[in-house]
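Here is what each chain is made of, one letter per residue.
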Amino acid sequence: MPIQSGWQEGGVKKGVTYGETDEIGFIGVSGRSSVHDVHAKMLHLLGFDHEKFTYEFQARPFRLTDVEGNLTSAVV
């Protein structure tokens, strides 16, 4: 069963499905993405570099994607 995200219209390749789920669509079995990967993808589509996009919190710079965010080149 292919996974699709409808909100990713503009800068994402059209007609691409990424990843697969089990028979009932409950658990992803291949092509899984973490929340950090989705945030990195959203920031990339908005024109930001997710590794340089930081904010200050308690005198320490934080990234929205933490240290795990990766772009999926198959989708973008």
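Residues numbered from 1 in each chain as written. Predicted model: local features only at pLDDT ≥ 70, side-chain atom pairs only at ≥ 80, totals over all residues. Heavy atoms only, no water.

Colleague: How should I be thinking about the packing of aromatic side chains in this particular structure?
Modeller: Each aromatic ring pair is summarised here by two numbers: the centre-to-centre distance and the angle between the ring planes. Inspection of every chain in the model, using the stated rule, returns three aromatic pairs. Between the aromatic rings of phenylalanine 48 and phenylalanine 53, the centroid separation amounts to 4.7 Å while the plane-to-plane angle is 45°, which identifies the pairing as tilted. Between tyrosine 55 and phenylalanine 62, the aromatic rings sit 6.0 Å apart at their centres with planes inclined by 25°, giving stacked as the arrangement. Judged by its relative accessible area of 25%, phenylalanine 62 falls in the partly exposed class. Through a chain of ring-to-ring contacts, the aromatic side chains of Tyr55, Phe57 and Phe62 assemble into a single cluster. Its guanidinium or amino end placed over the ring of phenylalanine 62, arginine 60 lies 4.4 Å from that ring's centre, counting from NZ or CZ. (Phe/Tyr/Trp six-rings, centres within 6.5 Å; stacked < 30°, edge-to-face > 60°. Buried < 20%, exposed > 50% of the residue type's maximum accessible area, 1.4 Å probe, protein only. Lys NZ or Arg CZ within 6 Å of the ring centre and 35° of its normal.)

Colleague: Please explain the environment of phenylalanine 62 as it appears in this structure.
Modeller: Among the secondary structure elements, phenylalanine 62 is positioned in strand E4 (residues 60-63). Along the primary structure phenylalanine 62 and glutamate 51 are separated by 11 residues, whereas in three dimensions their C-alpha atoms are 10.0 Å apart. (Helix = DSSP H or I, 4+ residues; strand = E, 2+ residues; numbered from the N terminus.)

Colleague: Hey, could you run me through the pairing of strand E3 (residues 54-57) in this one?
Modeller: Taken residue by residue, a regular strand's side chains alternate between the two faces of the sheet. One ladder, built from four bridges, connects E3 with E4; its direction is antiparallel. Looking at E4, one finds that threonine 54 is bridged to arginine 63. Between the antiparallel neighbours E3 and E4 lie two residues, among them glutamine 58 with a positive phi of about 50°. (Pairing = 2+ DSSP bridges.)

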